[in-house]
Amino acid sequence: MPSPAMKMTTKNRAVYAMLVLAAACAPPPTTDTAVPDDSHDRPGTRLTELDDVLLEEGTRGFSGSVLVARGGDVLHRGGYGLADREAGVPFRPETVSTIGSITKQFTGAAILKLQEQGRLRVDDPVGRFFPDAPTDKAGITIHQLLTHTAGLPPALGSDEEYIGRDDYLKAVWRTELQYPPGERHGYSNTGYSVLAAIVELSADASYEEFLRREFFDPLDMRHTGYRLADWSEAHVAAGYRDDRHFGRVADKQIHEDGFSWHLVGNGGIHSTVGDMARWVKALRAGEVLSAESLDALFGEHVDEGYGDSYYGYGWVTFHLPNGERMIGHNGGNGFFFADLNFFPDRDDLLYCLFVNDSRSEEVTGRIRRLLLERAP
């Protein structure tokens, strides 16, 4: 069976909705003093109530790293439990972990950067880049790929099965569309890998090289990437599900030509909570994309079908019952989970969570509820 690269399930959304409903109307009191995040290696700042929650969850097996920031200031940064049970390595704030489908927002930003550079338009059809695309797919637009409305299947194979770009695209062209392009939203990792191929052809660089040149290096995101990042195996979390050891995503991608195209563009990038918070801060400050591009990136382009969430270009906007918005994305494969969300109506209150076990739903819900109730 294919293993789609880390996306929120219907069950996750139900939990999401219940916890947000319970907390969204609470007024935000003023509390702790913020601490600037001016170091990759700060041991960790503490938002006391959140620390208590996570320490309690640690007694139940939770392990991961968490960062909370507001207006660019870090309110909480800490690691809990073990990143590698066998070696006894603790989870630290600077521990590297896979971000799963949060990868998609980098693909969306890459497409918009290329549009700003005049190399493509989001209304361009696939046939412009791939002359061998069959008739039923040649008219699919970049916008449809970005919004999961192209009709492509969720996945074509296992994340751990190596396949190169050209062979992957041949497999895409052979597959049957699940519905006519533009008809509806249907989440597709496949579409985002096609977008990564468009990035490579338009930028004359590999997908990861383009991200590093345009985003990661300028923002000092040293620990973010597939292979072109500053970390060793000892810094990367291993994944677990109860007593089952999954290992590291990077270890399962050992082909000399890089990561499998079952992952490229749609999942599998690794990062730290600090790097991801830095990314969102720079985006919101206009340091990455133009205002017009940001409107497209965070735009509510397509109703996801859940009644309260709308897909942009690798981001989702959730409408809370009290009228506030929460913008973010998550990813998970049963062994790893990552969640990144910010609240634009609360001075960009943000949290980023990495988990390397199956205790993700309850923990993320408790974090979100506490922040909506208690964050200054």
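Predicted, not measured: the structure shown is a model, and the values here were computed from it.

Cut-off values and rules
- Residues numbered from 1 in each chain as written.
- Predicted model: local features only at pLDDT ≥ 70, side-chain atom pairs only at ≥ 80, totals over all residues.
- Heavy atoms only, no water.
- Salt bridge = Lys/Arg side-chain N within 4 Å of Asp/Glu carboxyl O.
- Buried < 20%, exposed > 50% of the residue type's maximum accessible area, 1.4 Å probe, protein only.
- Core = buried A, V, L, I, M, F, W, Y, C linked by side-chain atoms within 4.5 Å.
- Helix = DSSP H or I, 4+ residues; strand = E, 2+ residues; numbered from the N terminus.
- Contact = heavy atoms within 4.5 Å.
- Pairing = 2+ DSSP bridges.
- Phe/Tyr/Trp six-rings, centres within 6.5 Å; stacked < 30°, edge-to-face > 60°.
- Lys NZ or Arg CZ within 6 Å of the ring centre and 35° of its normal.

### Details of the pattern of salt bridges
Under the defined criterion, the tally for this structure stands at 19 salt bridges. Ionic pairing is found between Lys137 and Asp136, a salt bridge with its closest N-O pair at 3.0 Å. Judged by its relative accessible area of 40%, Asp136 falls in the partly exposed class. When the shortest N-O distance is used, the salt bridge between Arg165 and Asp166 registers 3.7 Å. Since its relative accessible area comes to 24%, Arg165 is described here as partly exposed. When its relative accessible area of 48% is taken as the criterion, Asp166 is described as partly exposed. Each of Glu56, Glu57, Arg60, Glu362 and Arg366 takes part in a single network of salt bridges with overlapping partners.

### Quick notes on the nonpolar core
With 105 residues, the main nonpolar core has Phe106, Phe130, Trp279 and Trp315 as its most contacted residues. For this core, the element with the highest residue contribution is helix α7 (residues 189-203), accounting for eight residues. In this structure Phe106 touches Ile99, Tyr207, Leu211, Phe215, Phe216, Met221, Thr224, Ile269, Met276 and Trp279, once residues within four positions along its chain are discounted.

### Observations regarding the pairing of strand β3 (residues 73-80)
Within β3, six of the eight residues are buried, leaving the element largely enclosed by the surrounding structure. Following strand β2 (residues 64-70), the chain reverses through two residues before pairing antiparallel with β3; Gly71 in that reversal takes a positive phi of roughly 60°.

### Notes on the packing of aromatic side chains
Applying the stated rule across the entire model yields 12 aromatic pairs. For Lys104, the ring lying beneath its charged end belongs to Tyr192, and the centroid distance is 5.8 Å.

Take it as geometry only, folks, not as evidence of what the structure does.
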